[in-house]
Structures are given as structure tokens and as C-alpha cells.
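Residue-level structure breakdown
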Amino acid sequence: MATDAKTCELCVPAAVLLANALAYVRYDSNSLSRGHVLVIPRRHVASFFDMTAAEHSAVLALLRDAQKFIQGQHSPDGYNIGVNVGAAGGQSRMHVHVHLIPRYAGDVADPRGGIRCVLAGKSHAG
């Protein structure tokens, strides 16, 4: 699904939790767990690899700040960090967004393999 800056929901910061000059953090509207947030560059850019060095730094700084915020609010036991790039990589909104997904002991029967479980049969857990 292609989007441009005029139709992109992520270009308009909403319910901002944390921010800096180049990026912001908000809760994911399709949350996978309690405290799941997105770190989003303010500029409309589709690929993580097309962000500027300054945008990368701003996003990573907010990722760190978001983890501290979530830890204080929800006390998760672990995290997954994910970026989908391109339709084949699972990206459905063509504006970069980094997922910070809190994980809780017992939220799945066996968490081994983490994000590797996205590709069926690639997990070390089974």
C-alpha cells in the first residue's frame, strides 16, 4: 500500500508520548502487548535505510527513552524491536516506524526464537 505525505497517518503526530526535533513516539494503534509503541521520524520516508544519519540518531535516542518510559509504566520482562522494510518485509504503512514491543513472562508458551518466529519453521524453539 503506497502512501504519500498527504495521506499518511504517521506524518501527523497524534497522542505523542515523547518527541525530539526529528522523531516522535506514540502507542501503536494495533498493539501486540501492553505498552507497545512506535518510534516514527517526522519526515515522510518509506524505508529505514533511506533515513538520514540525523534521523537514525534521533530515532535511536527516542527508542532508548521509550524503553525507560515503558519500563517505568509497565515493568515488562523483555522487549522485541522491529522494523518492517518493504511490502515483502511486512511493511503496510510506507512511513518508517520502529516497533518497541514489551514482552511479559508467560505471554507465549515458549518465547525462544523471538522475531525469528515471523518466518514459519525458522524458529529454534520448535
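Residues numbered from 1 in each chain as written. Predicted model: local features only at pLDDT ≥ 70, side-chain atom pairs only at ≥ 80, totals over all residues. Heavy atoms only, no water.

1. Some details on the overall build of the protein chain
Per the secondary structure count, the protein chain includes one helix and five strands. Listing every helix and strand of the protein chain by position from the N terminus yields β-β-β-α-β-β. Computed over its C-alpha atoms, the radius of gyration of the protein chain comes to 15 Å, within 12% of the 14 Å expected for a compact globule of 126 residues. Along the first, second and third principal axes, the C-alpha set of the protein chain runs to 45 × 35 × 25 Å. Within the protein chain, counting contacts between residues at least 6 apart in sequence, those at least 24 apart form 55% of the total. For the protein chain, the accessible area works out to roughly 7,300 Å², and carbon and sulfur atoms hold 58% of it. Treating the 12 positive side-chain charges of the protein chain as one cloud and the 9 negative ones as another, the clouds have centres 2 Å apart. (Helix = DSSP H or I, 4+ residues; strand = E, 2+ residues; numbered from the N terminus. Rg over C-alpha atoms; globule rule 2.2 N^0.38 Å. Contact = heavy atoms within 4.5 Å. Areas by Shrake-Rupley, 256 points an atom, 1.4 Å probe, with all protein chains shown as cover. Lys, Arg positive; Asp, Glu negative; His and termini not counted. Charge placed at Lys NZ, Arg CZ, Asp CG, Glu CD.)

2. What to know about unusual backbone geometry
Both trends apply: most residues other than glycine have a negative phi, and most peptide bonds are in trans. A positive phi angle is found at A15, which is not glycine, with a value near 50°. As for its position among the elements, A15 is in the segment before strand 1 (16-19). Accessibility expressed as a relative area gives 66% for A15, which makes it exposed. Backbone geometry at S75 places phi at a positive 50°, although glycine is not the residue there. For S75, the location among the structural elements is in the loop between helix 1 (53-74) and strand 4 (78-82). (Buried < 20%, exposed > 50% of the residue type's maximum accessible area, 1.4 Å probe, protein only.)

3. Comments concerning the sheet that holds strand 2 (residues 23-27)
Strand order in the open sheet formed by five strands is 1-2-3-5-4, with antiparallel pairing between adjacent strands. Two strands close off the open sheet at either side, each with one partner strand: strand 1 and strand 4. Across the sheet, the mean angle from the axis of one strand to that of its neighbour is 20°, orientation sign disregarded. Judged from the three bridges that link them, strand 3 (residues 37-41) and strand 5 (residues 98-103) form a sheet pairing that is antiparallel. Bridged to L38 within strand 5 is H99. (Pairing = 2+ DSSP bridges. Axes fitted to C-alpha atoms, helices over the stretch in contact; angles between N-to-C directions.)

4. Focus on a nonpolar patch on the surface
Taken together, F49, V83 and V85 make up a surface patch of nonpolar side chains, about 260 Å² in accessible area. For F49, a relative accessible area of 64% corresponds to the exposed category. (Patch = residues over 30% accessible without salt bridge, like charges linked within 9 Å, V, L, I, M, F, W, Y side chains within 5 Å. Salt bridge = Lys/Arg side-chain N within 4 Å of Asp/Glu carboxyl O.)

5. As for the pattern of salt bridges
Using the criterion set out here, one finds five salt bridges in the structure. Notably, a salt bridge pairs E9 with R93, separated by 3.5 Å at the nearest N-O pair. Residue E9 is found in the segment before strand 1, and its partner R93 is found in the loop between strand 4 and strand 5; the two are separated by 84 residues along the sequence. Its salt-bridge partner being R43, residue E55 comes within 2.7 Å of it at the nearest N-O pair.

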